[in-house]
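# Examination of the molecular architecture
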Amino acid sequence: MPTSTHLASNPPIAPSKRKRMKTIIEPFRIKAVEPIRMTSREERTRFLEDAHYNLFSLDSEHVLIDLLTDSGTSSMSANQWAAIMRGDESYAGSPSFHHFQDAVRHLMPFRHIIPTHQGRAAEKILFTAIGGPGKYILNNTHFDTTRANVEFSGAEGVDLVIAEGKNPASEHPFKGNMDLEKLEAFIKEKGAEHIPLCMLTVTNNSGGGQPVSMENIRETKYVCMKYGIPLFLDACRFAENAYFIKMREPGYENHSIEQIVQEMFSYADGCTMSAKKDALVNIGGWLAMNNDDWALNCRNLLILTEGFPTYGGLAGRDLEAMAEGLKEVVQEDYLHYRIKSTQYLGQGLIDAGIPIMRPVGGHAVYIDARQMLPHIEPLHYPGQALACEMYLHAGIRTCEIGTVMFGLQADGVTEKPAPMDLVRLAIPRRVYTQSHIDYVIEALQEINENKSAMRGMKINWQPKQLRHFSARFSYLEDESLRRKMVIN
Ligand code: F0G
């Protein structure tokens, strides 16, 4: 048994100072398992036909490896499950709220911490309070629900990410950065009085899970401060962003993740958060800010739609799980495994000759389906064709982010190719092991070898908005049309 003197003379070695071996291991062992149901290609063909080739319509029991999203799909730790048992379900003033608030404030020292059931609920409340017609909300890139909530309030969402952030081949280390010149020019052109808020999404999900540098957060804050505009972080993947800062930004290599996170938030006046990502829980979120007037207004709206301010649409047990998750997510061993295992998948695909967005982001790998399948033109949905093939071939579920998602214009009829046709392989946190990922790489290698046989798709039914969730597809049958497309 080591004595306390022994411990004092042998302080723990900081993870960053430890020599790491080449093999990445999952920094956990498995205590409870959930079986994956194996299926045959014949079965999957039937399931996909029944789902009209829309992967959102599949039963998850029929999926082997589910890479549809990293949101709400994390495995919780034994400590989180234990914390769930400690949840206090009092309507008002529950100690679970205080545990949650303390854990958030430790990393993000805002005056007002308002729990919500997930990220978009925080967005809805915030933009109802401060949005409205004639106003602009600025962001590096709005996530879909953020933009939808901005627009629902009557305001306009403006994306001002740096040019490299839109170039899939650029290896810029911080492709999520705000374009500071464009930001200042926009503020001068429209007038600061029409801009109630500027946001930075860390990491930038819609731009490929790319990080924002500390320098850029600081500079964005300075521009905003000059014009009296508050800066909020869309903080869903704040810990992954912090790890990229530690790895890539000179001057931060010896900082702890907690210190980096605290500095990131020191430049912000508030944040929206989906705890379904970097708080390692299956449901939850919050809205945080320093402005007392805004907070009063937001809490009143919270009571209308979510619940009393000490539980905000959640159970006490959910608040406890978030408090514990926030402690675990900033552990460097966890983040090392998380970021390296996403890169492992990306490197495997690069080695197999599959074009992906570079560099690999934090939570997902994005395959450039348009480049991989040049014989399928954008209006025949190469991303959807690839996502369907991955399911048919190996039971892997992913998400098209391309012409299906963004191609339908506001009139609900006209279609245009999206800027890119991507397929997102989002990796749930602490769920899959390296052999699962090896299986995904092997499946894609095999698909890539036979890709010339893959066909484009057409839509047989779609709603006027958000068609990717419910559109019905079938394969293009017309061989002569396909040949003509190849020539074109
Ligand atoms: N902001 C970002 C950057 C997100 O990625 C998400 C969700 C939200 C806000 C909304 O949070 O789902 O808790 O309401 N992204 C998920 C995804 C859905 O699959 O990327 P929510």
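Structure: above.
Residues numbered from 1 in each chain as written. Predicted model: local features only at pLDDT ≥ 70, side-chain atom pairs only at ≥ 80, totals over all residues. Heavy atoms only, no water.

Turning next to the sheet that holds strand β9 (residues 364-368). One open sheet accounts for three strands, arranged β9-β12-β11; its pairing is antiparallel. Whereas interior strands pair on both sides, the edge strands pair on one side only; in this sheet they are β9 and β11 (399-401). Neighbour-to-neighbour, the strand axes of the sheet open up by a mean angle of 30°, direction not taken into account. For β11 and strand β12 (residues 422-426), the ladder comprises three bridges, and the chain directions are antiparallel. Residue pairing across strands places Cys399 opposite Arg424, the latter belonging to β12. (Pairing = 2+ DSSP bridges. Helix = DSSP H or I, 4+ residues; strand = E, 2+ residues; numbered from the N terminus. Axes fitted to C-alpha atoms, helices over the stretch in contact; angles between N-to-C directions.)

The next point concerns the pattern of salt bridges. Counted under the stated rule, the structure contains 25 salt bridges. Residue Arg429 is joined to Asp70 by a salt bridge in which the shortest nitrogen-to-oxygen separation is 2.9 Å. A residue pair is termed long-range when its members are at least 10 positions apart, and Arg429 in the loop between β12 and α17 (434-449) and Asp70 in the loop between β1 (65-66) and α3 (78-85) qualify at 359 residues. Here Arg429 matches Asp70 in class, with each residue buried. For the salt bridge of Arg430 with Glu328, the shortest nitrogen-to-oxygen distance reads 2.9 Å. Of the two residues, Arg430 is situated in the loop between β12 and α17 and Glu328 in helix α12 (residues 316-329); the sequence distance between them amounts to 102 residues. Accessibility expressed as a relative area gives 13% for Arg430, which makes it buried. Taken together, the shared-partner salt bridges connect Asp70, Arg237, Glu240, Asp278, Arg338 and Arg429 into one network. (Salt bridge = Lys/Arg side-chain N within 4 Å of Asp/Glu carboxyl O. Buried < 20%, exposed > 50% of the residue type's maximum accessible area, 1.4 Å probe, protein only.)

Time to look at the site of the ligand. Lining the immediate surroundings of the ligand are 17 residues, of which Thr69, Arg120, Ser274, Lys277 and Arg424 lie closest. Residue Gly119 places a main-chain N or O atom 2.9 Å away from an oxygen atom belonging to the ligand. Within the side chain of Arg120, a nitrogen or oxygen atom sits 2.6 Å from an oxygen atom of the ligand. A total of 470 Å² of accessible area belongs to the ligand in isolation, and the protein chains cover 93% of it. With three residues, the single largest contributor to the shell around the ligand is helix α5 (residues 119-130). (Near = heavy atom within 4 Å. Polar contact = N/O pair within 3.5 Å; in protein donor to acceptor, adjacent residues only side chain to side chain. Areas by Shrake-Rupley, 256 points an atom, 1.4 Å probe, with all protein chains shown as cover.)

A few words on the packing of aromatic side chains. If you walk through the whole model with that rule in mind, you get 13 aromatic pairs. Ring geometry for Phe232 against Trp294: centres 6.0 Å apart, planes inclined by 50°, an arrangement best described as tilted. Taken as a pair, Phe232 in strand β6 (residues 231-234) and Trp294 in helix α11 (residues 292-305) lie far apart in primary sequence, 62 residues in all. The residues Phe232 and Trp294 share a single accessibility class, namely buried. (Phe/Tyr/Trp six-rings, centres within 6.5 Å; stacked < 30°, edge-to-face > 60°.)

The next point concerns the sheet that holds strand β4 (residues 156-159). Taken in spatial order, the seven strands line up as β2-β8-β7-β6-β5-β3-β4 in an open sheet, and their pairing is mixed. Taken across any chain shown, the strands that pair with only one partner, and hence form the sheet edges, are β2 (112-116) and β4. The sheet shows a mean angle of 20° between the axes of neighbouring strands, direction not considered. Relative to strand β8 (residues 285-289), strand β7 (residues 270-274) is paired through five bridges, and the arrangement is antiparallel. Following the sheet pairing, Ser274 is matched in β8 by Gly285.

So, on to a nonpolar patch on the surface. A cluster of nonpolar side chains, namely Phe56, Leu466 and Phe469, defines an oily patch on the protein surface of about 290 Å² accessible area. Structurally, Leu466 can be placed in the loop between β13 (457-461) and β14 (472-475). Exposure remark for Leu466: the relative accessible area of 57% places this residue in the exposed category. (Patch = residues over 30% accessible without salt bridge, like charges linked within 9 Å, V, L, I, M, F, W, Y side chains within 5 Å.)

Attention now goes to unusual backbone geometry. In most cases, non-glycine residues show a negative phi, while peptide bonds are predominantly trans. For the bond from Val202 to Thr203, the omega torsion is -20°, close enough to zero to count as cis. As for its placement among the helices and strands, Thr203 is situated in the loop between β5 (197-201) and α8 (214-226). The step from Arg358 to Pro359 runs through a cis peptide bond, and the omega angle for that step is -20°. Positive phi values are uncommon outside glycine, yet Tyr53 reaches one of about 60°. Take Tyr53: it is sitting in the loop between α2 (41-50) and β1. Of note in the backbone geometry, Tyr381 takes a positive phi value of approximately 55° without being a glycine. Turning to its location among the elements, Tyr381 is positioned in the loop between α14 (369-372) and α15 (382-394).

What follows concerns the packing of helix α9 (residues 238-248) against helix α13 (residues 332-351). Here α9 crosses α13 at 85°, and the two axes come no closer than 10 Å. The orientation of α9 relative to α13 falls into the category roughly perpendicular. Contact residues: Ala239, Glu240, Tyr243, Phe244, Lys246 and Arg248 in α9; Glu332, Leu335, His336, Arg338, Ile339 and Gln343 in α13. Taken together, the residues of the contact of α9 with α13 sort by class into five nonpolar, two polar and five charged. (Parallel < 35°, antiparallel > 145°, perpendicular 65-115°, else oblique. Contact = heavy atoms within 4.5 Å. Nonpolar A, V, L, I, M, F, W, Y, C, P; charged D, E, K, R; others polar.)

Residue position: Arg467 is located in the loop between β13 and β14. Residue Arg467 is classed as buried on the basis of its relative accessible area, which comes to 2%. Among the polar contacts listed, one links the side chain of Arg467 to the backbone oxygen of Thr403, at a separation of 2.8 Å. Separated by 2.7 Å, the side chains of Arg467 and Glu415 make a polar contact.

Met108, Leu138, Phe238, Met264, Phe265, Cys271 and Trp286 are the most contacted members of the largest nonpolar core, which totals 66 residues. If you count residues domain by domain, this core takes at least three from each of domain 1 (41-70 + 331-487) and domain 2 (78-328). Ile376, Leu425, Ile427 and Ala471 belong to the second-largest nonpolar core, a separate cluster that totals 49 residues. (Core = buried A, V, L, I, M, F, W, Y, C linked by side-chain atoms within 4.5 Å. Domains from an automatic or database assignment.)

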